[in-house]
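# Reading the structure
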Amino acid sequence: MAALDLILRRGRIVTATETADADVGIARGKVMQIGGDMRAEREIDAQGMLLLPGGVDAHVHLTNPGGLGINWVDDFTSGSAAALAGGVTTMGNITFPRVGETLIDALERETALANETAIADVFLHPVLGWAGAFDATTLDDLPRLLDHGTSSIKYFMLFPHFDSQVDGYIEATRRAGAHGLITMIHCEDAHLIHDAEAQLAAAGKTAVRYYGDAHPVISEVVATQRAVAIAEATGAPIYIVHLSSQRALEVCAQAQARGVRVYVEVRPFYLHLTRDRFDEPDGAKYVGNPPLREQTDVEALWSGLAQGTVHTVCTDHAPWSLADKLDQGLTVSTARPGAENLQMMVPMLYSEGVRAGRISLSRLVEVVSTNAAKLFGLYPHKGTIAVGSDADIVVFNPTLARTIDPSMMKSNADYSVYQGWQVTGWPVLTLRRGDVVFQEPDVIGRPGTGQVVAAGATQPL
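Here's a quick rundown of the structure. Computed from a predicted model, the values in this text were never measured in an experiment. (Residues numbered from 1 in each chain as written. Predicted model: local features only at pLDDT ≥ 70, side-chain atom pairs only at ≥ 80, totals over all residues. Heavy atoms only, no water.)

## Let's talk about the overall build of the chain
Here is the rule we go by: A run of H or I in DSSP becomes a helix once it reaches four residues, and a run of E becomes a strand once it reaches two; helices and strands are each numbered from the N terminus. Atoms considered for the radius of gyration are the C-alpha atoms alone. The globule rule reads 2.2 Å times the number of residues to the power 0.38. Remark: exposure states derive from per-residue accessible area (1.4 Å probe, protein chains only) relative to the maximum for the residue type, with buried under 20%, exposed over 50%, and partly exposed in between. Residue contacts are counted whenever heavy atoms from the two residues lie within 4.5 Å of one another. Calculation of accessible area relied on Shrake-Rupley with a 1.4 Å probe; when residues are assessed, cover is drawn exclusively from the protein chains displayed.
A count of helices and strands for the chain gives 13 helices and 19 strands. By the compact-globule yardstick of 23 Å for 461 residues, the chain fits well, its C-alpha radius of gyration being 21 Å. Dimensions of the chain, computed from the C-alpha atoms along their principal axes, are close to 70 × 50 × 40 Å. Here the chain holds 461 residues, and the buried ones make up 60% of them. Across the chain, contacts joining residues at least 24 apart in sequence account for 77% of those joining residues at least 6 apart. Carbon together with sulfur atoms contributes 48% to the accessible area of the chain, which is approximately 16600 Å² in total.

Structure (structure tokens):
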């Protein structure tokens, strides 16, 4: 009988493909045995609990890009705390090169920082074109990214300079795909947004409550069409981050039906909230890019989750202080997009999705863990509970009911857009590579115990 460090007894294991009542034996940070006779010095009774694979949130912002006055308030330590309390054990951080840095320079800098300060595990996505034009050196670096444990790049169609460099972005997408990388794309058209802002200004509608009008659905649709065209022309896989509207999803679904490798992420924002929030006195706290949409869009995204045209739910966690969000000097053009969401994503998806009958329990695991692990080359070490996988396991109480309140938050953000929501189903214990790092109500893992994990080539779903 193998020597084990820890056994989780009497829990119900849930993966993307099956559910089983079985004990889980853990040793040296890995799942060593499922079911059967086993012994260990330490046991945890998980009777009545679900055992879920740790969430893989592929889209977070825990380091501030320089030079733009962005003041997100979480770092790798506080972001890890929020993640682990919410059942997320691995985070994909968006990595912004500084002026003069190559993509690899930026990855090395953030790898060192994360290894020193993270509690959860981390993987990294370098951004193209953030500090200005990218040149042949950037393109030549792309085949080397996998050697540095990175399986992705990201770019923003929202950048005003996107069109002037579009040839480079197309070539980057092509080279990324040819070397096992997936390209993440923020799909909003900068010129249509600029025009909408100008029209609003001319009409005297500069208050933040008009933010949804400043980022119209058509700006997302057109950019999504262009992203799909780039994928189709290059044969490379793309990953549409934080898609928000029914019309943009229809563009993706049509491409998927043609065999184009287009993968879709939705953030929880768009599953739970609608644009009428902007009319509230503190409506600025709901600003994100793209903005909140209509109830018909909410329902379309839930349907996409159930039907498989939406592949992941990730947070785009980009938290500000409430004072920064509600700054009275902000306008529709200067409002600060982004909000915290790491701690609430999995509980709310369970409460509003599984309990409400919108998605199955296995589908929840698929969209918050397994699919992201596959797309970013982390599976099967991450994203499942199986012999040989990392022992990233969430002990989840499906009947625990709570009201969301800022006092329960581990993020440095001092508010939640879901304050007052009644949520049923919460993590009570989180294991990261076999170590208990969250035990309700405390994060007990130490900064620096998280690791930057090496990603392999993207895997098809």
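## Focus on the sheet that holds strand S15 (residues 312-313)
Each strand in a sheet pairs with another by means of backbone hydrogen bonds, the pair being arranged parallel or else antiparallel. Threshold: For two strands to be treated as a pair, DSSP must find no fewer than two bridges joining them. Each axis is a line fitted through C-alpha atoms, and for a helix only the stretch in contact is used; angles between axes span 0 to 180 degrees, taken between their N-to-C directions.
Read across the sheet, five strands follow the order S11-S12-S13-S14-S15 without closing on themselves; strand pairing throughout is parallel. Each edge of the open sheet carries a strand with a single partner, namely strand S11 (152-156) and S15. The pairing of S11 with strand S12 (residues 182-186) spans five bridges and is parallel. Following the sheet pairing, Tyr 155 is matched in S12 by Ile 185. Contacts between helix H4 (residues 166-178) and the sheet are confined to S11, S12 and strand S13 (238-240), with S11 contributing the most and set at about 160 degrees to the helix. Relative to the sheet, helix H7 (residues 217-234) contacts S11, S12, S13 and strand S14 (262-266), its axis offset from that of S13 by approximately 165 degrees.

## Things to note about the packing of helix H12 (residues 345-354) against helix H13 (residues 361-375)
Keep this limit in mind: Crossing chirality is assigned from the near helix's rotation relative to the far helix, an anticlockwise turn below a right angle marking it left-handed and a clockwise turn marking it right-handed.
The interhelical angle for the contact between H12 and H13, taken along N-to-C directions, is 145 degrees, at an axis separation of 10 Å. In the crossing of H12 with H13, the sense of the turn from one axis to the other is right-handed. Together, Val 346, Leu 349, Tyr 350 and Val 354 of H12 and Leu 361, Leu 364, Val 367 and Val 368 of H13 make up the contact between the two elements.

## Examining the sheet that holds strand S8 (residues 55-60)
Taken together, the three strands give an open sheet; going across it, the order is S8-S9-S10, and neighbouring strands pair in parallel fashion. Both edges of this open sheet fall to S8 and strand S10 (121-126), since each of them pairs with a single strand only. Between one strand axis and the next, the sheet turns through 20 degrees on average, direction left out of account. As judged from the six bridges shared by strand S9 (residues 88-95) and S10, these two strands associate in the parallel manner. Paired with Thr 90 across the two strands is Asp 121, which belongs to S10.

## Observations concerning the packing of H4 against H7
Just so we agree on the cut-off: Throughout this description, any angle smaller than 35 degrees is read as roughly parallel, any larger than 145 degrees as roughly antiparallel, any in the 65 to 115 degree range as roughly perpendicular, and the remainder as oblique. For this scheme, ten residues count as nonpolar: Ala, Val, Leu, Ile, Met, Phe, Trp, Tyr, Cys and Pro. Four count as charged, namely Asp, Glu, Lys and Arg, and the remainder, Gly too, count as polar.
Packing of H4 against H7 brings their axes to within 9 Å, and their N-to-C directions diverge by 55 degrees. Overall, the two elements H4 and H7 adopt an arrangement that is oblique. Where H4 crosses over H7, the two elements pack in a sense that is right-handed. Taking contact as the criterion, the partners of Val 166, Ile 170, Thr 173 and Arg 174 in H4 are, on H7, Arg 226, Ile 230, Ala 233 and Thr 234. Among the residues making up the contact of H4 with H7, the classes are represented as four nonpolar, two polar and two charged.

## What about unusual backbone geometry?
The omega torsion of the bond from Asn 289 to Pro 290 falls at -10 degrees, within 30 degrees of zero and hence cis. Position of Pro 290 among the secondary structure elements: in the loop between helix H9 (269-272) and helix H10 (295-307). Residue Pro 441 is reached from Glu 440 by a cis peptide bond, and omega for that bond is 5 degrees. Note on placement: Pro 441 falls in the loop between strand S18 (435-439) and strand S19 (442-443). Its identity is not glycine, yet Arg 10 carries a phi of approximately 65 degrees, on the positive side. Residue position: Arg 10 is located in the loop between strand S1 (4-9) and strand S2 (12-14). On the accessibility criterion, Arg 10 (47% relative accessible area) is partly exposed.

By themselves these figures say nothing about function.
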